[in-house]
Amino acid sequence: MVGAHRAPGPPLPARERDGVRVMLARSSETALGHRLWAWCAPGAVCATVVLAVASVAPVASAAPDPPRRSYYVYVAAESDDEVSIVRYGPGGAEVVKTITVGSFPAEVEGPHGLRVDPDGRHWYVSIAHGFPYGSVHKYETQTDEWVGDVTLGLFPATLDVSPSTGLLYAVNFNLHGALEPSSISVVEVETMTEVARVDTGVRPHGGRLSLDGSLFYSVNMMDFELVELDALGFEVRRRLPLGNGVMPTWVTRPTAEGKVYVTGNNVAKIFEVDLVSWRVQRTFETGPGPYNLELTPDGSTLVATYKGGDAVGFWDLESGRERARTATSRTIPHGVAVTPDGEYAFVTLEGVGGDPGTVEVYYVSTGERVGAVDIGKQAGGIAFWKMEE
């Protein structure tokens, strides 16, 4: 099934806000984001350096040329039980295919996290809702045919696949359950068998593997900490408290310099953590509700979705400055995926009420939105698939 889509509008004007180049958009207020802020009580945070957004010179740039190649991502529509393949190329953004996922057509099962395995042959989606447990399903990328599934814990969410062992790691977020410790599931993907389940903390989320697959980083949202898991020994190695009441929602993969970046969702901060010293090295003041993060492959730029602020931030990590902040075209930005060449960032927007979900495309170097297309309701999880010349 090919989904309906809309063409991106004309380039939006820009202005300066707090020294940051801001792209304007027509956007209503975020009702869900406001409810989240009412629920999340602010807390103190321990950091060695507090780095506020610094002033930058106004950026004058022409609209970027259309891409010469095509980029493909998988995107989950959580309230429609669909995964869409979105392509951005010389002709703009479009939905090329939509796959219905889940096991119970009469129920809303909630596809949440997505990942394509390192060899590109399969993609995986976590199905958050179950009876009561959720699951992860495996599909072929070339045909999008279902291959198998495995039952995990309560509300499996973010997942990643190891480039060295092929093992899949999924955090069991347990969003709707009691505030009690939950776990990380480890899955052998050839047989789709859960081989380990490691207790980690309350509301684990945002898991990412190190480049060699030896370590798995996640955050415990309601234990206010970053967690390092031995991905081969299946045990927690270290925990880093982020401050009393600070609710993290995401952690990036480690950079080549041994840094990870963690959101402080309810305190509008991003923490740079040095993995050698195991401490917060820098703190970035952000827009409201930083939620998901993604690094460019060279580690120079960090892209952040501001779920409580209906915007996307683009951070230069060498200077520690947010060089652009772009308002989204619809409410509740969620996930982000950066292309392997570092040129573009795909961002999902959940929307509210009867709104469709939206996938937006941004030119990373300027923060300008260059494409947009609608998909099913509550667009959330996103995973990059491939580039084609």
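Throughout what follows, the structure given in this document is the object of discussion. Note that the coordinates shown come from a computational prediction; the quantities given were computed from them, not determined experimentally. (Residues numbered from 1 in each chain as written. Predicted model: local features only at pLDDT ≥ 70, side-chain atom pairs only at ≥ 80, totals over all residues. Heavy atoms only, no water.)

### With respect to the overall build of the protein
Assigned secondary structure in the protein consists of one helix and 30 strands. Across the 389 residues that make up the protein, the buried fraction comes to 58%. Taking contacts inside the protein between residues at least 6 apart in sequence as the whole, the part at least 24 apart equals 50%. In the form shown here, the protein has an accessible surface area of approximately 15000 Å², with 53% of it arising from carbon and sulfur atoms. (Helix = DSSP H or I, 4+ residues; strand = E, 2+ residues; numbered from the N terminus. Buried < 20%, exposed > 50% of the residue type's maximum accessible area, 1.4 Å probe, protein only. Contact = heavy atoms within 4.5 Å. Areas by Shrake-Rupley, 256 points an atom, 1.4 Å probe, with all protein chains shown as cover.)

### Digging into the pattern of salt bridges
Working definition: two side chains of opposite charge can pair if their charged atoms are close together. According to the stated counting rule, one finds 18 salt bridges in the structure shown. Two residues, K97 and D144, come together in a salt bridge whose shortest N-O distance is 3.0 Å. You can see K97 sitting in strand β6 (residues 92–100) and its partner D144 sitting in the loop between β9 (135–140) and β10 (146–151), a full 47 residues away along the chain. Residue classification places K97 among the partly exposed residues on the basis of a relative accessible area of 28%. Between K269 and E285 there is a salt bridge, and its shortest N-O distance comes to 2.8 Å. With K269 in strand β20 (residues 269–274) and E285 in strand β21 (residues 279–285), this residue pair connects regions lying 16 residues apart in the sequence. On the accessibility criterion, K269 (13% relative accessible area) is buried. Here the salt bridges do not stand alone but share partners, grouping R69, D341 and E389 into one network. (Salt bridge = Lys/Arg side-chain N within 4 Å of Asp/Glu carboxyl O.)

### Considerations on the pairing of strand β24 (residues 311–316)
Of all six residues in β24, five are buried; the element is thus mostly enclosed. Pairing geometry for strand β23 (residues 301–306) and β24, over six bridges, is antiparallel. Bridge pairing in β24 links V303 to F314. Connecting β23 to the next strand, β24, in antiparallel fashion are four residues, including D310 with a positive phi near 50°. Connecting β24 to the next strand, strand β25 (residues 321–327), in antiparallel fashion are four residues, including G320 with a positive phi near 75°. (Pairing = 2+ DSSP bridges.)

### Some details on the sheet that holds β10
The four strands lie next to each other as β7-β8-β9-β10, forming an open sheet whose pairing is antiparallel. With partners counted over all chains shown, the strands left at the sheet margins are β7 (111–116) and β10, one partner each. Adjacent strand axes in the sheet meet at a mean angle of 20° when their direction is disregarded. (Axes fitted to C-alpha atoms, helices over the stretch in contact; angles between N-to-C directions.)

### Quick look at the sheet that holds strand β17 (residues 225–230)
The pairing of strands in a sheet comes from backbone hydrogen bonds and takes either a parallel or an antiparallel form. Taken together, four strands build an open sheet; the order of strands is β15-β16-β17-β18 and the sheet is antiparallel. The open sheet has two free edges, formed respectively by β15 (204–209) and β18 (235–241), since each of these has just one partner strand. Along the sheet, successive strands turn relative to each other by an average axial angle of 20°, direction set aside. Pairing geometry for β17 and β18, over six bridges, is antiparallel. In the sheet register, E225 faces β18, and the bridge partner there is P241.

### Focus on the environment of P64
You can see P64 is positioned in the loop between β3 (50–51) and β4 (70–77). The class of P64 is partly exposed, set by a relative accessible area of 22%. Remark: the alpha-carbon pair of P64 and E368, spanning 304 residues in sequence, is separated by 8.6 Å. Aside from chain neighbours lying at most four places away, what touches P64 is Y363, E368 and V370.

### What about unusual backbone geometry?
Positive phi values are uncommon outside glycine, yet A268 reaches one of about 55°. Within the element layout of this structure, A268 appears in the loop between β19 (259–264) and β20. On the basis of relative accessible area, A268 is assigned to the buried category, the value being 14%. Positive phi outside glycine occurs at W278, with the angle close to 55°. Tracing the chain through its elements places W278 in the loop between β20 and β21.

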